[in-house]
Amino acid sequence: MNLICEPRREGETAREYAYSMLRENIANLNLEPGCTLNDTNIAAQLGISRTPVREAINQLKGESEIIEIYPQRGMKVALIDINIIRNVRLMRMVLEKEMIRRCCDIACEEDILWMEENVALQHFYHRQKKMQQAVEVDNQLHRKFYELAGFDYVYRSTRGPMIHYDRVRVLESFYDTYLDSIRDHSSMICAVRERNPAEACRLMEQHLDRWLVNERRLRAEYPHYFKKEGMGHEGSQNYAAG
């Protein structure tokens, strides 16, 4: 288990650093669904003690159930749960259609130019096959919709469960259909520029529905990543090992 680690930011606490590195490595599938976690190993790689690592693990578990803890047996990254993906997709559908609707009234030319530059960067990373960077820039665009609408707090509050959806998007990013998602962004920006909330909302719904097109293919190609439907959750306790 080798983490992809970035330098610790100035003023960042050990717990915050452990949280951000664990979340990033889970979201980008470096820590694969179903893999076992070892807090001693993680602490050593991050250069911090085990306590902030345990705190970060409990935070991730509490806000998203992305980590499963089994008393006396250890812990692991949760498998991809289709039911959770469907729940998160519904949440995004409700929120992001409203955000982009508001953007149609609020966005100025400077905002729209920022969005267009963002999409150009998505195309660049896609052509370079740097899919992790493409997905990160994609996330920045969606956050921009929330910020412009005045609901950045809502975005930050929902980032916990969004990690489940992020993992699927990373898998999808290697398919040809990911280019269609980037084109969706261009079309949505055009609708915002034209002050057309109905079209912007329609395009957002189309965009968030693209996961349904790839669901069967993903489950066939990565069966070991997905939880079998009907299975319950075993890991329900916080991590408090010494």
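On a predicted model such as this, the values are computed, not experimentally measured, just so you know.

Time to look at the environment of Ala-120. Along the chain, Ala-120 turns up in helix α5 (residues 109–127). Given the relative accessible area of 44%, Ala-120 is considered partly exposed. Ala-120 sits 62 residues away from Ile-182 along the chain, and the two C-alpha atoms are 9.1 Å apart.

Within the structure shown, the criterion is met by 23 salt bridges. Among the salt bridges present, the one from Arg-193 reaches Glu-109, with a minimum N-O distance of 3.0 Å. Of this pair, Arg-193 sits in helix α8 (residues 178–193) while Glu-109 sits in helix α5, and the two are 84 residues apart along the sequence. Given the relative accessible area of 36%, Arg-193 is considered partly exposed. Residue classification places Glu-109 among the partly exposed residues on the basis of a relative accessible area of 41%. Taking the shortest distance from any N to any O, the salt bridge between Glu-199 and Arg-202 comes out at 2.9 Å. Here the residue Glu-199 and the residue Arg-202 both occupy positions in helix α9 (residues 197–208), the gap between them amounting to 3 residues, near one helical turn. Under the relative-accessibility criterion, Glu-199 is labelled partly exposed at 29%.

Rules and cut-offs
All residue numbers refer to position in the chain's written sequence, counted from 1. Owing to the predicted nature of the model, reporting of local features is limited to residues with pLDDT of at least 70; listing and counting of side-chain atom pairs is limited to 80 or more, with chain, interface and lining totals taken over all residues. Water and hydrogen atoms play no part in the side-chain values, which are based on all heavy atoms of the structure. Strands are runs of DSSP state E lasting at least two residues, helices are runs of H or I lasting at least four, and both sets are numbered from the N terminus onward. Throughout this description, buried means an accessible area under 20% of the type-specific maximum (1.4 Å probe, protein chains only), exposed means over 50%, and partly exposed covers the range between. In what follows, salt bridge is the name for a side-chain nitrogen of Lys or Arg lying within 4 Å of a carboxyl oxygen of Asp or Glu.

Structural measurements only, silent on function.
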